[in-house]
Amino acid sequence: KRNIGKGEERGFIRNMSDFCSKLTRPDVYKPLILMTFLMFFQQFTGVSTISYYPVSIMERSGSSLDKYTATIIYGFIRLLSTFMGALLLRRFARRPLLIITSLCVALGMALLGTSAFLSKDREDGDEITIFLGYLPLISVNIVAVSYQLGLGPICWSYAAELYPVDLRAALSGFSNGMVNLYIFLTIKTFPKMQSSMTPWGTYWFYSSMACCAAIFGATLLPETKGKSLAEVSEYFYVCCSWKK
């Protein structure tokens, strides 16, 4: 039994040593860094906060529509856009779709912040225009549709296409764990950000994060549609390397 235990321990140490040595490969650590930042920008656009706090967001943003009805409409439109996103991902290149949808998410968050800002001094009984009354609902649906059409599914598509085959399971699991951590941080910090930065300041911050996601996609992310795994791996060996 002692020999078996020592053998298992040596095997574990050897496997960990092999795994750590593989992390030094350019086709491993470069996509890992890219995915870690991409997932960060994806979640800190604040999309999760709309899913977890839709009623309070509608209420504090000055929606003239019933907050529960607006929440149901938001959920239904997000569900429909999920199916549309799957179709777009099959037909269009990754980077342009990521850039365009990130900018649309930024627009939606900016409009939501503007709606919250314009309604901050509003009192009960004050008359508002139809556009301002429906602006919160329009804003969150722009965010929902844009996220489901590109920014949401494309990140997971990159996770399947950037990582090498021999470490894809481990690295994809790591990325999944990071996403859940980012969601947790976004949800937990949202109430404190609203109290310290004001609601409109919080939404404008999320808008700036979506713009960062677009810039990140335009400058650093490679295009993977129509490319083989060998071509993707070769890209990471060639790019960002110093010429002697």
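These numbers come from a predicted model, not from an experiment.

**Points about the overall build of the protein chain**
Then comes step 1: Assigned secondary structure in the protein chain consists of 10 helices and 0 strands.
Then comes step 2: Listing the helices and strands of the protein chain from first to last along the sequence gives α-α-α-α-α-α-α-α-α-α.
Then comes step 3: Looking at the protein chain as a whole, 43% of its 244 residues qualify as buried.
Then comes step 4: Of the contacts formed within the protein chain by residues at least 6 apart in sequence, a portion of 85% connects residues at least 24 apart.

**Things to note about the packing of aromatic side chains**
Then comes step 1: Under the defined criterion, the tally for this structure stands at 12 aromatic pairs.
Then comes step 2: On the numbers, 6.5 Å between centres and 35° between planes, the contact of Phe-37 with Phe-216 is tilted. Remark: Phe-216 occurs in helix 9 (residues 199–219) and Phe-37 occurs in helix 2 (residues 26–43); sequence separation between them is 179 residues.
Then comes step 3: Pairing Phe-205 with Tyr-206 gives two aromatic rings, centres 5.9 Å apart and planes at 55°, and the pair type is tilted.
Then comes step 4: Every member of this aromatic cluster is reached through a ring pair, and the members are Phe-37, Phe-40, Phe-41, Phe-44, Tyr-182 and Phe-216.

**Side note on the nonpolar core**
Then comes step 1: Ranked by internal contacts, the top residues of the largest apolar core, which has 51 residues, are Met-35, Leu-38 and Tyr-203.
Then comes step 2: Ranked by residue count, the leading element in this core is helix 7 (residues 130–162), at 11 residues.
Then comes step 3: With sequence-adjacent residues up to four places away left out, Met-35 is seen in contact with Cys-155, Tyr-158, Ala-159, Leu-162, Tyr-163 and Ser-175.

**What to know about unusual backbone geometry**
Apart from glycine, the bulk of residues carry a negative phi angle, and the bulk of peptide bonds sit in the trans form.
Then comes step 1: Positive phi values are uncommon outside glycine, yet Thr-198 reaches one of about 70°.
Then comes step 2: When its relative accessible area of 26% is taken as the criterion, Thr-198 is described as partly exposed.

**A short note on the environment of Lys-30**
Then comes step 1: Mapped onto the secondary structure, Lys-30 falls in helix 2.
Then comes step 2: A relative accessible area of 12% places Lys-30 in the buried class.

**Some thoughts on the pattern of salt bridges**
Then comes step 1: In this structure the tally under the stated criterion is 3 salt bridges.
Then comes step 2: Of the charged contacts in the structure, one is a salt bridge between Arg-25 and Asp-166, with a shortest N-O distance of 2.9 Å. Of this pair, Arg-25 sits in the loop between helix 1 (2–22) and helix 2 while Asp-166 is found in the loop between helix 7 and helix 8 (168–197), placing the two residues 141 residues apart along the sequence.
Then comes step 3: Look at Arg-25 and you get partly exposed, because its relative accessible area is 23%.
Then comes step 4: Across the salt bridge formed by Glu-161 and Arg-94, the nearest N and O atoms sit 2.8 Å from each other. With Glu-161 in helix 7 and Arg-94 in helix 6 (residues 94–118), this residue pair connects regions lying 67 residues apart in the sequence.
Then comes step 5: A network of salt bridges, in which partner residues are shared, links Arg-25, Asp-27 and Asp-166.

**Quick notes on the packing of helix 2 against helix 8**
Then comes step 1: Where helix 2 meets helix 8, the closest approach of the two axes is 9 Å, and the angle between their N-to-C directions is 25°. Accordingly, the angle class assigned to the pair helix 2 and helix 8 is roughly parallel. The two elements helix 2 and helix 8 meet at a crossing, and its hand is right-handed. Within the contact between the two elements, helix 2 uses Val-28, Leu-32, Met-35, Thr-36, Met-39, Phe-40, Gln-42 and Gln-43 and helix 8 uses Leu-171, Phe-174, Ser-175, Met-178, Val-179, Tyr-182, Ile-183 and Thr-186.
Then comes step 2: For the contact of helix 2 with helix 8, the residue count by class is 11 nonpolar, 5 polar and no charged.

**Structural notes on a nonpolar patch on the surface**
Then comes step 1: A grouping of Ile-130, Phe-131, Tyr-134 and Ile-138 is seen on the molecular surface, where their side chains present a nonpolar patch of about 420 Å² in accessible area.
Then comes step 2: If you trace the backbone, Phe-131 turns up in helix 7.
Then comes step 3: Residue class for Phe-131 comes out exposed when judged on its relative accessible area of 53%.

**Observations regarding the packing of helix 2 against helix 7**
Then comes step 1: Interaxial distance between helix 2 and helix 7 falls to 10 Å at its minimum, and their mutual angle equals 160°. On the basis of their axis angle, the class for helix 2 and helix 7 is roughly antiparallel. The two elements helix 2 and helix 7 meet at a crossing, and its hand is left-handed. Judged by residue contacts, Asp-27, Pro-31, Met-35, Leu-38, Met-39, Gln-42 and Gln-43 of helix 2 engage Tyr-147, Leu-151, Gly-152, Cys-155, Trp-156, Tyr-158, Ala-159 and Leu-162 from helix 7.
Then comes step 2: Looking at side-chain class alone, the contact of helix 2 with helix 7 contains 11 nonpolar, 3 polar and 1 charged residues.

How each quantity is defined
- Residues numbered from 1 in each chain as written.
- Predicted model: local features only at pLDDT ≥ 70, side-chain atom pairs only at ≥ 80, totals over all residues.
- Heavy atoms only, no water.
- Helix = DSSP H or I, 4+ residues; strand = E, 2+ residues; numbered from the N terminus.
- Buried < 20%, exposed > 50% of the residue type's maximum accessible area, 1.4 Å probe, protein only.
- Contact = heavy atoms within 4.5 Å.
- Phe/Tyr/Trp six-rings, centres within 6.5 Å; stacked < 30°, edge-to-face > 60°.
- Core = buried A, V, L, I, M, F, W, Y, C linked by side-chain atoms within 4.5 Å.
- Salt bridge = Lys/Arg side-chain N within 4 Å of Asp/Glu carboxyl O.
- Axes fitted to C-alpha atoms, helices over the stretch in contact; angles between N-to-C directions.
- Parallel < 35°, antiparallel > 145°, perpendicular 65-115°, else oblique.
- Left-handed = near helix turned anticlockwise from the far one by under 90°.
- Nonpolar A, V, L, I, M, F, W, Y, C, P; charged D, E, K, R; others polar.
- Patch = residues over 30% accessible without salt bridge, like charges linked within 9 Å, V, L, I, M, F, W, Y side chains within 5 Å.
- Areas by Shrake-Rupley, 256 points an atom, 1.4 Å probe, with all protein chains shown as cover.

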